[in-house]
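Below are the chains, spelled out letter by letter.
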Amino acid sequence: MHHLSVYDMDKTITYAPTWTSFLVRTAWAEAPWRLALLPFAGLATLGYAAGLIGRARLKEVTQALLLGDALPEAAAARAAARFADHIVASGVYVGALTQIATDRAAGYRLVLATASYGFYAGAIAERLGFDAVIATGVVREGGVLRARIAGENCYGAAKLRMIEAWLAEQGIARADSVVRFYSDHVSDAPSLEWADVAVAVRPHAPLRRLAEARGWVVKDWAR
């Protein structure tokens, strides 16, 4: 029997969403002039809120504005390491760290499943001791990261599809596994419904209502 603990990242493990912070910190370190483009990134965010562009396209637009359409692999690796050190030092819930350690001690394989880009989420996962990362991919061409998503944005129902694909790649049958899933957001309802143990972590109102209706565990991890 395989025992898996699958964690969302943003606002489940971390205090806050990571993408905007990563963009701003990386632009400041690698190309400070790009911070002048922040108002345009704000307009793109408004476009998303108004339903004019999707979540995936918003990621691509903001990446192109603040990181450029061709971020060198070496710069991306530097940025990921720098950002992961910052997040792990000051942006992770103590309760998350405790639960991760508890699951590890109980023999669970730790999997991070996040809509964040894998090229920086992987660095955070490594520092937290995760065994595997399922995340949004980025197009890589000729030693650079393009401002384009590779495959699906690892969000909502797509996240569950990507988790199931990963299980298949690992040769793990769902019937032969026990899965815990942790998330703060109702967008992860498909994965929470699919898991054997669903844990709503500091859930926003829609997820809290769903968790109460389904009888899921609710945890309000402290900082």
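In what follows, the structure referred to is the one given above.
Residues numbered from 1 in each chain as written. Predicted model: local features only at pLDDT ≥ 70, side-chain atom pairs only at ≥ 80, totals over all residues. Heavy atoms only, no water.

Undergrad: Sorry if this is basic, but what is going on with the sheet that holds strand S2 (residues 70-72) here?
TA: Note: strands within a sheet are paired through backbone hydrogen bonds, in either parallel or antiparallel orientation. What the eight strands build is an open sheet, ordered S2-S5-S4-S3-S1-S6-S7-S8; its pairing is mixed. Only two strands of the sheet have a single partner each, and these edge strands are S2 and strand S8 (217-219). Sheet twist, expressed as the mean angle between neighbouring strand axes with direction ignored, is 35 degrees. With four bridges joining them, strand S4 (residues 132-141) and strand S5 (residues 144-150) adopt antiparallel strand pairing. Its bridge partner being in S5, Gly137 is matched across the sheet by Ala150. With respect to the sheet, helix H4 (residues 73-90) is in contact with S2, S4 and S5, its orientation differing from that of S2 by roughly 70 degrees. (Pairing = 2+ DSSP bridges. Helix = DSSP H or I, 4+ residues; strand = E, 2+ residues; numbered from the N terminus. Axes fitted to C-alpha atoms, helices over the stretch in contact; angles between N-to-C directions. Contact = heavy atoms within 4.5 Å.)

Undergrad: Teacher, can you tell me more about the nonpolar core here?
TA: Across soluble globular proteins, nonpolar side chains show a tendency to be buried alongside one another. Ranked by internal contacts, the top residues of the largest apolar core, which has 42 residues, are Tyr7, Ile13, Tyr120 and Phe130. At the level of elements, helix H1 (19-30), helix H3 (55-66), H4, helix H5 (94-105), strand S3 (109-117), helix H6 (118-128), S5 and strand S7 (197-201) are the ones that each hand at least two residues to this core. Ile13 has contacts with Tyr7, Asp8, Gly91, Val92, Tyr93, Ala96, Ile100, Leu112, Leu128 and Phe130, leaving out every residue within four places of it along the chain. In this structure, Cys154, Met162, Trp166 and Phe181 belong to the second largest nonpolar core, which totals 25 residues. (Core = buried A, V, L, I, M, F, W, Y, C linked by side-chain atoms within 4.5 Å. Buried < 20%, exposed > 50% of the residue type's maximum accessible area, 1.4 Å probe, protein only.)

Undergrad: How should I be thinking about the pattern of salt bridges in this particular structure?
TA: Side chains that carry opposite charge are capable of pairing whenever their charged atoms lie near each other. For the structure shown, the criterion picks out 15 salt bridges. For the salt bridge of Arg214 with Glu193, the shortest nitrogen-to-oxygen distance reads 2.7 Å. Taken together, the residues Arg214 in helix H9 (residues 205-214) and Glu193 in helix H8 (residues 189-194) connect sequence positions 21 residues apart. A relative accessible area of 40% means that Glu193 is categorised as partly exposed. Two residues, Arg208 and Asp220, come together in a salt bridge whose shortest N-O distance is 3.0 Å. In this pair, Arg208 sits in helix H9 while Asp220 sits in the segment after S8, placing the two residues 12 residues apart along the sequence. For Arg208, a relative accessible area of 29% gives the class partly exposed. (Salt bridge = Lys/Arg side-chain N within 4 Å of Asp/Glu carboxyl O.)

Undergrad: Can you walk me through the packing of aromatic side chains in this structure?
TA: Given two aromatic rings, their pairing is described by the distance between the two centres and the angle made by the two planes. Tallied over the entire structure, the rule returns 13 aromatic pairs. Seen in terms of ring centroids, Phe22 and Phe83 are 5.3 Å apart; in terms of plane orientation they differ by 75 degrees. Their pairing is edge-to-face. Placement of Phe22 in helix H1 and of Phe83 in helix H4 is noted, with a sequence separation of 61 residues between them. Since its relative accessible area comes to 2%, Phe83 is described here as buried. Among the aromatic residues, ring-to-ring pairing joins Trp19, Phe22, Phe83, Tyr117, Phe119 and Tyr120 into one connected group. One Lys or Arg, Arg55, reaches over the ring of Tyr155 and ends 4.0 Å from the middle of that ring. (Phe/Tyr/Trp six-rings, centres within 6.5 Å; stacked < 30°, edge-to-face > 60°. Lys NZ or Arg CZ within 6 Å of the ring centre and 35° of its normal.)

Undergrad: I keep staring at the side chain of Lys159 and nothing clicks. Help me out?
TA: Tracing the chain through its elements places Lys159 in helix H7 (residues 157-170). Residue classification places Lys159 among the buried positions, given a relative accessible area of 3%. In contact with Lys159, other than residues within four places in its own chain, are Asp8, Ala113, Thr114, Ala115, Cys154, Phe181, Asp188 and Ser191.

Undergrad: Is there a simple way to explain unusual backbone geometry in this structure?
TA: Despite not being glycine, Lys11 has its phi angle at roughly 70 degrees, a positive value. Mapped onto the secondary structure, Lys11 falls in the loop between strand S1 (2-7) and H1. Positive phi is not limited to glycine here, since Arg202 has a value of about 40 degrees. Here Arg202 is to be found in the loop between S7 and H9.

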